[in-house]
Amino acid sequence: MTSPIGVGSAPVVQSTNDGVLGRDDFLKLLVTQLRHQDPLNPMDATAFASQLAEFSGLEQLIQVNKSLELQAQGDLMTQVALRTSLAAGLIGLEVLGYNQDL
């Protein structure tokens, strides 16, 4: 007969980024949970499916975040190019400016 693994003997997963668990941490926890489960009393299939769904959601959020970061970088580069183009168009011209505070 096997006995369940106690809390003191389970491996500890430490997060490296200010207490936030990431994708790798989640996978380590899931694999550790599967390794140390009682073979005669395995994890409930519903709970396992729920954990896999959470992991899938995490993966999708990571991809959305990467896409948004790339879009923000592209927007910044477009702004710089537009400003450079506008400034280059003023070369050789006489520019008159005014102070709005007056």
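The structure displayed is predicted, hence computed values, not measured ones. What you see as residue numbers is a count from 1 along each chain, following the sequence as written. Whole-chain, interface and lining totals are the exception, using all residues; otherwise, since this is a predicted model, local features are given only for residues with pLDDT of at least 70 and side-chain atom pairs are given and counted only at 80 or more. As a convention, hydrogens and water are excluded, and side-chain values are obtained from all of the structure's heavy atoms.

J.: Please set out the overall build of the chain residue by residue, giving values where relevant.
T.: Counting secondary structure elements, the chain contains two helices and zero strands. We call a residue buried when its accessible area falls under 20% of the maximum for its residue type, exposed when it is over 50%, and partly exposed in between, using a 1.4 Å probe and counting protein chains only. Residues classed as buried in the chain amount to 7% of the 102 residues present. Looking at the chain alone, contacts between residues at least 24 apart form 45% of all its contacts between residues at least 6 apart. Helical segments are the DSSP runs of H or I of at least four residues, strand segments are the runs of E of at least two, and each set is numbered from the N terminus. Working rule for contacts: check all heavy atoms of both residues, and any pair within 4.5 Å makes them a contact.

J.: Requested: an account of the packing of helix α1 (residues 23-35) against helix α2 (residues 45-89), with residues and values cited.
T.: Axes, fitted as lines to C-alpha atoms, cover a helix only where it is in contact. Angles between the N-to-C directions of the axes lie from 0 to 180 degrees. Here α1 crosses α2 at 165°, and the two axes come no closer than 11 Å. With respect to their mutual orientation, α1 and α2 come out roughly antiparallel. Viewed along their axes, α1 and α2 form a crossing whose handedness is left-handed. Residue-level inspection shows Arg23, Phe26, Leu27, Leu30, Gln33 and Leu34 of α1 in contact with α2, the latter providing Phe48, Gln51, Leu52, Glu54, Phe55, Leu58, Glu59 and Ile62. Each residue belonging to the contact of α1 with α2 can be placed in one class, and the counts come to nine nonpolar, two polar and three charged. Oblique is the label for any angle not covered by the other classes, which are roughly parallel (under 35 degrees), roughly antiparallel (over 145) and roughly perpendicular (65 to 115). Each crossing gets its handedness from the near helix: less than a right angle anticlockwise from the far helix is left-handed, clockwise is right-handed. All amino acids are sorted into three groups, where Ala, Val, Leu, Ile, Met, Phe, Trp, Tyr, Cys and Pro are nonpolar, Asp, Glu, Lys and Arg are charged, and the leftover types, Gly among them, are polar.

J.: So what's going on with α1? Which residues, and what values?
T.: Each full turn of the α-helix corresponds to 3.6 residues, which orients residues three or four apart in the same direction. An expected span of 1.5 Å times one less than the residue number is assigned to each helix. The first and last C-alpha atoms of α1 sit 18 Å apart over 13 residues, in line with the 18 Å expected at 1.5 Å per residue. Turning to α1, its buried residues number three or more, namely Asp25, Phe26, Leu30 and Thr32. Viewed along the axis of α1, the buried residues span an arc of 165°, placing them on a single side of the element. Facing away from the buried side of α1 by over 90 degrees, the exposed positions are Asp24, Lys28 and Arg35. Close packing links the buried residues of α1 with α2. Arc definition: directions from the helix axis to the C-beta atoms.

In short, shape yes, function no, at least from these values alone.
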